[in-house]
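Summary of the model geometry
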Amino acid sequence: MARAIDKRNQQRPFDYQYAENFSLEGVENPWVNNSYYFSAHNEKMSFFARLGKRVNVEETWFVVYLEGKVYTLKPEFFPNGQSPIVVEKIDDRWTLSYQGKLNENDEISFQATFRATQKPIDFTCDMPAERMASAIANEKWDKVFFDRLKNVSGQCHYEQEGLLEGQLTLNGKTVDFQLPCVRDHSFGKRDWNYMNNHLWLMAVSPARQFNYSMVSYPVMSVLEVGHYRDEAGIYYMQHADLDLQQVNKGTIPQELSFNVNFDNGQKINVLSKVITGVTYHFQNGQYILHENIAEFTIDGKTCRGILEIGFNRDDSRYFNQRDLNSIKR
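Computed from a predicted model, the values in this text were never measured in an experiment.

**Considerations on the overall build of the protein**
- If you tally the helices and strands in the protein, you get 4 helices and 19 strands.
- The C-alpha radius of gyration computed for the protein amounts to 19 Å, which stays within 12% of the reference 20 Å derived for 329 residues, consistent with globular compactness.
- The principal-axis extents of the C-alpha atoms in the protein amount to approximately 60 × 50 × 40 Å.
- By the burial criterion, 53% of the 329 residues in the protein qualify as buried.
- Across the protein, the fraction of contacts at a sequence separation of at least 24, relative to all contacts at a separation of at least 6, is 60%.
- When the accessible area of the protein is evaluated, it comes to approximately 14900 Å², of which 46% is carbon and sulfur surface.
- Treating the 36 positive side-chain charges of the protein as one cloud and the 42 negative ones as another, the clouds have centres 4 Å apart.

**Quick word on the sheet that holds strand E14 (residues 223–230)**
- Taken together, 8 strands build a closed barrel; the order of strands is E12-E13-E14-E15-E16-E17-E18-E19 and the barrel is antiparallel. Pairs of neighbouring strands in the sheet enclose a mean axial angle of 30°, with direction left out of account.
- Note that E14 and strand E15 (residues 233–240) share 4 bridges and pair antiparallel. Each bridged residue has a counterpart across the sheet, and for aspartate 230 the counterpart in E15 is glycine 233.

**Some points on the pairing of strand E7 (residues 93–102)**
- The pairing of strand E6 (residues 86–90) with E7 spans 5 bridges and is antiparallel. Note that in E7 the partner of lysine 89 across the bridge is tryptophan 94.
- As consecutive antiparallel partners, E6 and E7 are separated by 2 residues, and within that stretch aspartate 91 has a phi angle of approximately 55°, a positive value.
- The pairing of E7 with strand E8 (residues 106–116) spans 9 bridges and is classified as antiparallel. Bridge pairing in E8 places tryptophan 94 opposite phenylalanine 114.
- Between E7 and E8, which pair antiparallel and follow one another directly, the connecting turn spans 3 residues, one of which, asparagine 103, has a positive phi of 50°.

**A look at the packing of aromatic side chains**
- Overall, the coordinates contain 28 aromatic pairs when judged by the stated rule.
- Their ring planes at 45° and their centres at 5.2 Å tell us that tyrosine 36 and tryptophan 94 sit as a pair that is tilted. Taken together, the residues tyrosine 36 in strand E1 (residues 32–41) and tryptophan 94 in strand E7 connect sequence positions 58 residues apart. Here the two residues tyrosine 36 and tryptophan 94 agree in accessibility, since each one is buried.
- Put simply, the rings of Tyr37, Phe48, Trp61, Phe77, Trp192, Trp200, Tyr280, Phe282 and Tyr287 pair up and form one aromatic cluster.
- Between the NZ or CZ atom of arginine 50 and the centre of the ring of tryptophan 61, over which it lies, the distance is 5.5 Å.

**What to know about the side chain of glutamine 209**
- Relative to the assigned elements, glutamine 209 resides in strand E13 (residues 209–216).
- Judged by its relative accessible area of 3%, glutamine 209 falls in the buried class.
- Within polar-contact distance, the side chain of glutamine 209 engages the side chain of glutamate 159 at 3.3 Å.
- Once residues lying within four places of it in the same chain are set aside, the contact partners of glutamine 209 are Glu159, Glu161, Val182, Met202, Ala203, Val204, His227, Tyr228 and Arg229.

**Description of the environment of valine 27**
- Of note, valine 27 is situated in the loop between helix H2 (16–20) and E1.
- A sequence separation of 20 residues divides valine 27 from phenylalanine 47, and the C-alpha atoms of the two residues are 31 Å apart.
- Sequence-distant contacts of valine 27, defined by excluding residues within four places in its chain, comprise Val32 and Val55.

**Topic: unusual backbone geometry**
- Positive phi is not limited to glycine here, since asparagine 103 has a value of about 50°.
- The topology assignment puts asparagine 103 in the loop between E7 and E8.

**A look at the side chain of glutamate 291**
- Relative to the assigned elements, glutamate 291 resides in strand E18 (residues 287–298).
- The buried charged residue glutamate 291 lacks any salt bridge, with arginine 50 as its nearest oppositely charged partner at 8.3 Å.
- If we ignore the near neighbours within four places in the chain, the residues touching glutamate 291 are Tyr37, Phe48, Trp61, Trp200, Thr276, Gly277, Val278, Tyr280, Ile306, Leu307 and Glu308.

Conventions we followed
- Residue positions are given per chain, counting from 1 as you read along its sequence in written order.
- With the structure being a predicted model, the display of local features is reserved for residues of pLDDT at least 70 and the display and counting of side-chain atom pairs for 80 or more, all residues being used for whole-chain, interface and lining totals.
- To get the side-chain values, all heavy atoms of the structure are used, and hydrogens and water are removed first.
- The helix and strand labels rest on DSSP assignments: H or I over at least four residues marks a helix, E over at least two residues marks a strand, and numbering proceeds from the N terminus.
- Computation of the radius of gyration draws on C-alpha atoms, with the globule rule given as 2.2 Å multiplied by the number of residues to the power 0.38.
- Note on exposure labels: buried denotes an accessible area under 20% of the residue type's maximum, exposed denotes more than 50%, and partly exposed covers the range between, all computed with a 1.4 Å probe on protein chains only.
- Working rule for contacts: check all heavy atoms of both residues, and any pair within 4.5 Å makes them a contact.
- Per-residue accessibility takes into account occlusion by the displayed protein chains alone, with areas from the Shrake-Rupley method and a 1.4 Å probe.
- Residues scored as positive are Lys and Arg, those scored as negative are Asp and Glu, and His as well as the terminal groups of each chain are ignored.
- Taken as the charge centre is NZ of Lys, CZ of Arg, CG of Asp or CD of Glu, depending on the residue.
- Any two strands are treated as partners once DSSP identifies two or more bridges connecting them.
- Fitting a line to C-alpha atoms yields each axis, with helices limited to the stretch in contact; the angle taken between N-to-C directions then spans 0 to 180 degrees.
- Pairing of aromatic rings covers Phe, Tyr and Trp, the last counted by its six-membered ring, and requires centre-to-centre distances within 6.5 Å; plane angles under 30 degrees mean stacked, over 60 mean edge-to-face, and any other angle means tilted.
- Criterion for a charge above a ring: Lys NZ or Arg CZ within 6 Å of the ring centre, and within 35 degrees of the ring normal.
- Any pair of N or O atoms that falls within 3.5 Å is considered a polar contact. Within protein, one atom must be able to donate a hydrogen and the other to accept it, and sequence-neighbouring residues count only if both atoms are side-chain atoms.
- For salt bridges, the criterion is a side-chain nitrogen of Lys or Arg within 4 Å of an Asp or Glu carboxyl oxygen.

This is the structure we're talking about:
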């Protein structure tokens, strides 16, 4: 299976320029999503925003965590073309702006530019084929299975590390910022209700960046991928020993600790602790997503990032009710 996946990836390599310029022009299908996400952090400030464009709606997040207080955009959805967040590509940089209310009465003006500092990482082509092969190997193979597998193969998803520089004016007080940032872009068909549950851990600092992503679908009980960047380069996850029972309860785990092995032979310990967060609701509450700002200790070094966890409204679907101890990872 790993050889077959490698061959497919070679035949259909990631096209960065096409992905960067993807738009919904000419699209009529409301299931097609074009999502832009930015997550930027240091020890004094955290920020994340998402603009998920569809032909009928725009899923919108905007959150600033500053001086111990969370400032968040309360509405989660806007009609197509009416989100107050503006995301634009200008040459090789992305700009992000918002002006309006956060919480009930806090006024903010925000303008920022994202400049890439690392190469993009595609979650299909760049990840070791063994990760997807392991997930597939845990399922019963038949024609129905491979037909259903197409439900999760049509999404392009990549991320890029960089620097988010800008200025915000919050209730009359102006703050200039320069934050390590991860930009995430995905597009293609996305039915939130097709997901059983998921977990995304992301930490970023000038010295390192970490990603661990786990998702469960009806067709695939557990798929795990990840990577780590330090001063020497970027490495891809081969195995993680996270106790999946900790994310099988429909609640936000306030603390997670586990070890991760990478393809360069390196092994690191990851500890994440939730600081604060915001909850989002998709497709009339069919899928609930908790976006949490978290403190990370990675290989003994501290930084900030995101602990994102989501659950289907039907709690009988988590991990397809599999015996998690029997899953080969």
